[in-house]
Amino acid sequence: MSGSQGVTALCENPNEVFLDVSKLLITYADNILRNPNEDKYRSIRIGNPTFSTKLLPVKGAVECLFEMGFEEAETHLVFPKSASVERLRQVRETIAAERDQRLGTDKATSNPQSARVPPNPAPLPPPPVPVPSSPSAGPAPAAAVPTPAPAALPFTSSSVTFFRTLQSNFQHVMIYESPELQQKALNCIPHEVLRSKAKERLKQAEDADPECSLGEEDMLVLDLLQWFKGDFFSWVNNLPCSRCGGTTQPSGSLPPSNDDLRWDAGRVENHFCHTCQHSNRFPRYNNPEKLLETRRGRCGEWANCFTLFCRALGLEARYIWDSTDHVWTEVYSQSQHRWLHCDPCENTCDKPLLYEVGWGKKLSYILAFSKDQVVDVTWRYSCKHPEVLSRRTQVQETWLLHTINKLNAARQQSIGEERKKQLLQRLLVELVEFISPKTSTSGELGGRISGSQAWRAARGETGTSDSKRNAQECVFIPSESEKQNKFFHICYNMTKDCYFRLSNDQETIPGWQKGAWRTENIFRKEEEDWQMVYLARTEGSSFGRISWKFNCAPVGMKIKSTSVRALSQTFHSGSVRWSLHSAETTIEFPGDGELHSSSRLSGGEELIVEAELTGGEGEVSWQHTQLFRQSLKDKEKVLFEIVVEMEEP
């Protein structure tokens, strides 16, 4: 059956998980098809251990039940009398066909109405009462470890998704506790050097402040963050082409290989090279052991590997998941008796308001996962609690609290009373911290620095500082010497990213934004592989604009003539429209790199030079319109300049 998102998601699970779950789904459907008048087969209790431990955690499983026709009730999923049995049969047969194909059996046997099916098959047996398990020493496939069902509150598809997130993250962090893996991680860390630096850093702090409350471990965290970002891990925007070395662009996904699945990479990005038409595979590994080898990724890989390193060094650490698409680490400070926010992507420690205040994120759910417990730490990262609370609509607060408590109770069955008491005391301290008033510091005011400018802009994480910088409207007004000479001349060097005001004692203005009047969806792109640089639209935007403004009215002059040179390049259906504006006149000119002069704006007081970028094709359409493209090695070439001759009124 085409268009079944639930079946599609179900098929993405590992083969053994798919076979196990598909068997259960087919049995649920067959019980109804063969016993259409039996009400007991039309409902599934949410607290049923088979449902909660074998179906609920698996991607696509519950979605398949919804597609069959099951509906939500308070404590059950129900197949109502009004539901389409034909729809149920279609979804069932789609699952069965995929299952038979994987098992290599005759598809004809998958028809529940076939004469080959026994006339009175046994219905799905009631499962035994679950016994909470002790935490596993390492990662396990989905549904491999029995887990408590979510609290018996109103059941929704969003709570299914949320429960899976809780369960998978809580299970995943157990991999950090493997002694063998910790030793592998420790072998990658110059831990003796880092500890020596930490001791020296602590000594300097104590010399500066004899009452310093920090400890050596606090300093070790700072040095680990710096080393991890500076020397060990690297950020991936686009992979260089493995065939020709050229620039690639993300282009959908590729099916994971068996080796990818072995290292928990169910998603593989296709970084496509348009130069040589080669697809480069970028598996998004979730197993930190593999990340010790690859040493690259985005925030998911960074936080995953960094949290392992913290545990390998004996630091108490936990993995932090943010529902607005970011992850990081927290480390417990024994000397300060509190959890410290640590973001390895940003090399930032103890700046929890960075995301809300600095990046401008609209937070809702932030959860901490350690080997012992799950904690809702959202309130540490916000100073706008009422706003955050208004956005927490995915699940009921009571459901979330009860579900977290059940997960923690199951995980903590195997730990001692002293440790339980310690965890409770820490939680109480956290709760006080959560409700205490917060004010941002200078280190929390900046936008995100990890990732490309376009990637940050597309995610809305450039922050308040970038927004303010973009909001500045530069207007060039003639200086006294320019007025006397009746001449204004400015040019921009793309490679140096600097304006040179040649008519005003060679004044320099660093930064392409600093000399622009207005910008919209524009950023500066450096291609490290091709060693080229240019201005382009931000990723995902269909329109971009940048303009520069000159005004000679404040010094009592008028424009006599103008000359402008600009170079733009387009690809496929991309388009760049260049124009000159005064209060009364608009003139278009080509961006061909030649100097174009005109006296049609004479008599006016203002000049605006503007470029509008539109068009392009596919996911990389933003790259099909480029301004001032040139080699990073060409330090002197000028591809944009404005010359204005002035006269007295």
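We now turn to the structure provided with this report. (Residues numbered from 1 in each chain as written. Predicted model: local features only at pLDDT ≥ 70, side-chain atom pairs only at ≥ 80, totals over all residues. Heavy atoms only, no water.)

1. Considering the overall build of the protein chain
Moving on, step 1. When you go through the protein chain residue by residue, the secondary structure sums to 19 helices and 29 strands.
Moving on, step 2. Out of the 649 residues belonging to the protein chain, those deemed buried represent 52%.
Moving on, step 3. Pairs at least 24 apart in sequence give 68% of the contacts found in the protein chain among residues at least 6 apart. (Helix = DSSP H or I, 4+ residues; strand = E, 2+ residues; numbered from the N terminus. Buried < 20%, exposed > 50% of the residue type's maximum accessible area, 1.4 Å probe, protein only. Contact = heavy atoms within 4.5 Å.)

2. Details of the sheet that holds strand S5 (residues 249-254)
Moving on, step 1. On the basis of which strands lie adjacent, the open sheet formed by three strands has the order S5-S6-S7 and antiparallel pairing. Among the strands making up the open sheet, the edge pair consists of S5 and strand S7 (278-283). When the angles between neighbouring strand axes are averaged without regard to direction, this sheet yields 35°.
Moving on, step 2. In this structure, S5 lies alongside strand S6 (residues 268-273), joined through four bridges in antiparallel fashion. Its bridge partner lying in S6, Leu-254 is registered against Val-268. (Pairing = 2+ DSSP bridges. Axes fitted to C-alpha atoms, helices over the stretch in contact; angles between N-to-C directions.)

3. Things to note about a nonpolar patch on the surface
Moving on, step 1. Taken together, the side chains of Leu-424, Leu-428 and Leu-431 make up a nonpolar region of the molecular surface, amounting to roughly 280 Å² of accessible area.
Moving on, step 2. Structurally, the position occupied by Leu-424 is in helix H16 (residues 417-435). (Patch = residues over 30% accessible without salt bridge, like charges linked within 9 Å, V, L, I, M, F, W, Y side chains within 5 Å. Areas by Shrake-Rupley, 256 points an atom, 1.4 Å probe, with all protein chains shown as cover. Salt bridge = Lys/Arg side-chain N within 4 Å of Asp/Glu carboxyl O.)

4. Some remarks on the sheet that holds strand S10 (residues 326-333)
Moving on, step 1. Strand order in the open sheet made by the six strands is S12-S11-S10-S9-S13-S14, with antiparallel pairing throughout. This sheet does not close on itself; its edge strands, each paired only once, are strand S12 (348-349) and strand S14 (374-376).
Moving on, step 2. Bridge count between strand S9 (residues 317-322) and S10: six bridges; the pairing is antiparallel. Bridging across to S10, Trp-321 finds its partner in Val-327.
Moving on, step 3. Where helix H12 (residues 299-312) meets the sheet, it contacts S9, S10 and strand S11 (338-343), and its direction lies at approximately 20° from that of S10.
Moving on, step 4. The strands touched by H16 within the sheet are S9, S10, S11 and S14, with S14 carrying the most contacts at an inclination of about 15°.

5. Concerning the pattern of salt bridges
Moving on, step 1. Applying the stated criterion across every chain, the model contains 45 salt bridges.
Moving on, step 2. Of the charged contacts in the structure, one is a salt bridge between Glu-330 and Arg-380, with a shortest N-O distance of 3.0 Å. Here Glu-330, found in strand S10, pairs with Arg-380, found in the loop between S14 and helix H14 (385-391); they are 50 residues apart in sequence, far enough to count as distant.
Moving on, step 3. Given the relative accessible area of 1%, Arg-380 is considered buried.
Moving on, step 4. A salt bridge links Glu-430 to Arg-380; the shortest N-O distance between them is 2.8 Å. Of the two residues, Glu-430 is situated in helix H16 and Arg-380 in the loop between S14 and H14; the sequence distance between them amounts to 50 residues.
Moving on, step 5. Glu-430 sits in the buried class, given a relative accessible area of 2%.
Moving on, step 6. When salt bridges that share partners are traced, they join Arg-267, Glu-269, Arg-284, Arg-298 and Glu-301 into one network.

6. Here we look at the side chain of Arg-42
Moving on, step 1. Looking at the element boundaries, Arg-42 is found in the loop between helix H2 (15-34) and strand S1 (43-45).
Moving on, step 2. Although Arg-42 is buried, it forms no salt bridge, and the closest oppositely charged side chain is Asp-39 at an N-O distance of 4.7 Å.
Moving on, step 3. A distance of 3.2 Å separates a polar side-chain atom of Arg-42 from the backbone oxygen of Pro-80.
Moving on, step 4. Those residues within four positions of Arg-42 in sequence are excluded, and the remaining contacts are Ile-32, Pro-36, Phe-70, Leu-77, Val-78, Phe-79, Pro-80 and Lys-81. (Lys, Arg positive; Asp, Glu negative; His and termini not counted. Polar contact = N/O pair within 3.5 Å; in protein donor to acceptor, adjacent residues only side chain to side chain.)

7. Side note on helix H7 (residues 179-188)
Moving on, step 1. Within H7 the residues assigned to the buried category are Leu-181, Gln-182, Ala-185 and Leu-186. The buried residues of H7 occupy an angular sector of 140° when projected down its axis, which confines them to one face. Along H7, the residues that are exposed and aim more than 90 degrees away from the buried face are Glu-180 and Asn-187.
Moving on, step 2. On its buried side, H7 packs onto helix H8 (191-208), helix H11 (288-294) and H12. (Arc of directions from axis to C-beta.)

8. A look at the packing of H2 against helix H4 (residues 61-68)
Moving on, step 1. Between H2 and H4, the shortest axis-to-axis distance is 11 Å and the interhelical angle comes to 20°. Judged on the interaxial angle alone, H4 and H2 are roughly parallel. Viewed along their axes, H2 and H4 form a crossing whose handedness is right-handed. Together, Val-21, Leu-25, Tyr-28 and Ala-29 of H2 and Ala-61, Cys-64, Leu-65 and Met-68 of H4 make up the contact between the two elements.
Moving on, step 2. Tallied by class, the residues present in the contact of H2 with H4 amount to eight nonpolar, no polar and no charged. (Parallel < 35°, antiparallel > 145°, perpendicular 65-115°, else oblique. Left-handed = near helix turned anticlockwise from the far one by under 90°. Nonpolar A, V, L, I, M, F, W, Y, C, P; charged D, E, K, R; others polar.)

9. Things to note about the packing of aromatic side chains
Working definition: an aromatic ring pair is given by the centre-to-centre distance plus the angle between the planes.
Moving on, step 1. All chains considered together, the criterion is met by 32 aromatic pairs.
Moving on, step 2. Here the aromatic rings of Trp-548 and Trp-578 are separated by 6.3 Å at their centres, their planes lie at 15°, and the arrangement is stacked. Highlighted residues: Trp-548 in strand S22 (residues 543-551) and Trp-578 in strand S24 (residues 575-581), separated in sequence by 30 residues. Both residues of the pair, Trp-548 and Trp-578, count as buried.
Moving on, step 3. An angle of 35° between the planes, with centres 6.0 Å apart, marks the rings of Trp-578 and Phe-628 as tilted. One end of the pair, Trp-578, is in strand S24; the other, Phe-628, is in strand S28 (residues 625-631), and 50 residues separate them in sequence. Grouping residues by exposure puts Trp-578 and Phe-628 together as buried.
Moving on, step 4. Cluster of aromatic residues (ring-pair linked, three or more members): Trp-227, Phe-228, Phe-232, Phe-233, Trp-235, Trp-302, Phe-306 and Phe-309.
Moving on, step 5. The side chain of Arg-318 reaches across the aromatic face of Trp-339, ending 3.8 Å from its centre. (Phe/Tyr/Trp six-rings, centres within 6.5 Å; stacked < 30°, edge-to-face > 60°. Lys NZ or Arg CZ within 6 Å of the ring centre and 35° of its normal.)

10. With respect to the pairing of S9
Moving on, step 1. Where burial is concerned, most of S9 is hidden: six out of the six residues are buried.
Moving on, step 2. Residues Ala-317, Tyr-319 and Trp-321 point to one face of S9 and Arg-318, Ile-320 and Asp-322 to the other, with burial holding for every one of them.
Moving on, step 3. Hairpin connection, S9 to S10: the antiparallel pair is bridged by three residues, and Asp-325 has positive phi, about 75°.
Moving on, step 4. Relative to strand S13 (residues 366-369), S9 is paired through four bridges, and the arrangement is antiparallel. Note that in S13 the partner of Ile-320 across the bridge is Ala-368.

Read these as spatial facts, not as claims about activity.
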